[in-house]
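# Structural overview for review
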Amino acid sequence: MGKKIEEIDVEVDELALSLVGWQVENVRARLVTDSFDDTHFQEIVVSGTARFLQEDWVDRFSRDKDDDYPPTLLLGLSPVDQPESVSYTHALLETIKKAGKRPVRFSKSSSTWECSKPVKPEKIRLQVTSFDLDETNLDLMWPSSKTKPLPVELIDETVHEAVRLKPTNCDATIFGKGHDASLQVRISGFAEFGSAKELLTDLVAIESWRGDAPEDDHDVEGECPFEALLPGITVEVLDATDFLLDKRETALYGRIPVGKGAALPSRQPRWIAQFPFDLDDLSGKPARVVVRVLDAEDL
């Protein structure tokens, strides 16, 4: 019996952080193991310091231009040999004013897991990163050794073409078994966008109050500044008979800002969305997942 504390290496995604204004220092992590004969209880504890540099947050795709919060600082946790099992959780959610005034300390502890053979520090991949847009707030949790991938069908049902979600990852995984089993669906990628004129054309099509004026009658520079909304995502969990067990959706709440003189952002926004499902709450056994990309106004 006894407690063992070991250091864990932490990856700092400096490029992703710098794009959204975050500067992270002195991030450390520990693996704490409490052993009782052949039973072991483990948890991960992370500590660090972050500061938000508002002047570095050049391209902003957040929900509102007057939003008091920067993009969320995230921790990503996965086994080294199972990077697809990564899940992200909030490391720090702080206002621009406070995080920009001085460095802010943060600490995060994972859920405790029980095992017969302790996980070694070198088997753990821990990352500090951030996205322009995220819809995720899972617990920091070590995935069960028992995992099962589910087939995922991705369907783009959007009509407007000026802004497109381009997923680079889309997966669904069942973790654990019995009453503790859960399904995690994760989608991430970029958003492509067209010219200011194309963005305005879609905006006019969405906002019926603008009337039926021909496309050429809309002065792009005269309309600036304006914003085009990003599409959203719907996740459907189905059993083998195509029965809908559960459904979740998110609008991502993102935007492509068009500034004065039809100025566009210099890069594409990065986004991620995670959807957890407790299998014990479902009315059947999940067999597949359908992810639909929908126009923002359809959510």
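Higher on the page you've got the structure.
Residues numbered from 1 in each chain as written. Predicted model: local features only at pLDDT ≥ 70, side-chain atom pairs only at ≥ 80, totals over all residues. Heavy atoms only, no water.

### Quick notes on the overall build of the protein chain
Selection rule: To qualify as a helix, a DSSP run of H or I must reach at least 4 residues; to qualify as a strand, a run of E must reach at least 2; elements of each kind are numbered from the N terminus. Only protein chains enter the accessibility calculation, which uses a 1.4 Å probe. A residue is then buried if its area is under 20% of the maximum for its type, exposed if over 50%, and partly exposed in between. Contacts between residues were defined by any pair of non-hydrogen atoms, one from each residue, lying within 4.5 Å.
Check the secondary structure of the protein chain and you find four helices and 20 strands. When its C-alpha atoms are laid out on the principal axes, the protein chain stretches across 80 × 55 × 25 Å. Going through the 299 residues of the protein chain one by one, you find that 47% of them count as buried. Long-range pairs, those at least 24 residues apart, make up 76% of the contacts in the protein chain with a sequence separation of at least 6.

### Some details on the layout of surface pockets
In plain terms, the rule: The method works on a 1 Å grid over the protein atoms by themselves. A cavity is a set of points holding a 1.4 Å probe that cannot get out, a pocket is an open set with protein on both sides within 12 Å along at least five of seven lines, and residues with an atom within 4 Å of a point line them. Grid points are joined across faces, edges and corners, and a volume is the space filled by probe spheres set on the points. Residue classes follow a fixed rule: Ala, Val, Leu, Ile, Met, Phe, Trp, Tyr, Cys and Pro count as nonpolar, while Asp, Glu, Lys and Arg count as charged, and any other residue, Gly among them, counts as polar.
By volume, the largest pocket amounts to about 640 Å³. Considering the residues around the largest pocket, the lining is formed by 23 residues, among which Met-141, Ser-144, Phe-175, Asp-180 and Ser-182 are closest to the centre. Elements that contribute at least two residues to the lining of the largest pocket include exactly strand S14 (182–193) and strand S19 (270–278). Residue classes in the lining of the largest pocket are distributed as nine nonpolar, nine polar and five charged.

### Quick notes on the sheet that holds strand S6 (residues 87–92)
Heads up, the rule is: If DSSP finds at least two bridges between two strands, the strands pair.
Pairing in this open sheet of four strands is mixed, and the strands run S2-S9-S5-S6 from one edge to the other. In the strand order of this sheet, the two ends are held by strand S2 (11–12) and S6, each with one partner. Relative to strand S9 (residues 124–129), strand S5 (residues 73–79) runs antiparallel, the two sharing six bridges. Among the inter-strand pairings, Leu-77 is bridged to a residue of S9, identified as Leu-126.

### Remarks on the pairing of strand S4 (residues 39–52)
Where strand S3 (residues 22–36) lies against S4, 13 bridges are found, and the strand directions are antiparallel. Following the sheet pairing, Asp-34 is matched in S4 by Phe-41. Bridge count between S4 and strand S7 (residues 104–109): six bridges; the pairing is antiparallel. What sits directly across from Ser-47, in S7, is Ser-107.

### A look at the packing of aromatic side chains
Our working definition: Here is the rule: rings of Phe, Tyr and Trp (six-membered ring for Trp) pair when centre to centre is within 6.5 Å. Planes less than 30 degrees apart are stacked, more than 60 are edge-to-face, and the remainder are tilted. Should the NZ of a Lys or the CZ of an Arg lie within 6 Å of a ring centre and within 35 degrees of the ring normal, that charge is described as sitting over the ring.
Under the criterion given, the structure shown has five aromatic pairs. In this arrangement the basic side chain of Arg-248 is found over the ring face of Phe-277, its NZ or CZ atom lying 4.2 Å from the centre. Its end group placed over the ring of Phe-131, Arg-270 keeps NZ or CZ at 4.3 Å from the ring centre.

### Digging into the pattern of salt bridges
Where side chains of opposite charge bring their charged atoms close, a pairing between them can arise. Stated formally: A pairing counts as a salt bridge when a side-chain nitrogen of Lys or Arg comes within 4 Å of a carboxyl oxygen of Asp or Glu.
In the structure shown here, the tally under the stated rule is 15 salt bridges. Note that Arg-186 is salt-bridged to Asp-171, the shortest N-O span being 2.9 Å. Remark: Asp-171 occurs in strand S13 (residues 163–175) and Arg-186 occurs in strand S14; sequence separation between them is 15 residues. An identical accessibility class is assigned to Arg-186 and Asp-171; each is buried. Linking Arg-248 and Asp-246 is a salt bridge whose minimum nitrogen-to-oxygen distance equals 3.6 Å. You can call Asp-246 partly exposed: its relative accessible area is 22%. In the salt-bridge network here, residues are joined through shared partners; they are Glu-7, Arg-28 and Arg-30.

### As for the sheet that holds strand S20 (residues 288–294)
For the record, the criterion: Note on geometry: axes are C-alpha line fits, over the in-contact stretch for helices, and angles between N-to-C directions span 0 to 180 degrees.
Across the sheet, four strands lie side by side as S12-S20-S16-S17; this open sheet has mixed pairing. The sheet is open, and its two edges are formed by strand S12 (152–156) and strand S17 (244–250), each paired on a single side. In this sheet, adjacent strand axes meet at a mean angle of 15° when their direction is disregarded. Sheet topology places strand S16 (residues 232–238) next to S17; six bridges connect them, and they run antiparallel.

### Let's talk about the environment of Lys-285
If you trace the backbone, Lys-285 turns up in the loop between S19 and S20. Lys-285 sits 42 residues away from Phe-243 along the chain, and the two C-alpha atoms are 9.9 Å apart. Leaving out residues up to four positions away in the same chain, Lys-285 has contacts with Lys-148, Leu-238, Asp-239, Ala-240 and Leu-245.

### Observations concerning the side chain of Thr-173
Relative to the assigned elements, Thr-173 resides in strand S13. Overall, Thr-173 belongs to the buried group, its relative accessible area being 9%. For Thr-173, the residues in contact, after removing those within four places along its chain, are Thr-147, Lys-148, Pro-149, Ser-182, Leu-183 and Gln-184.

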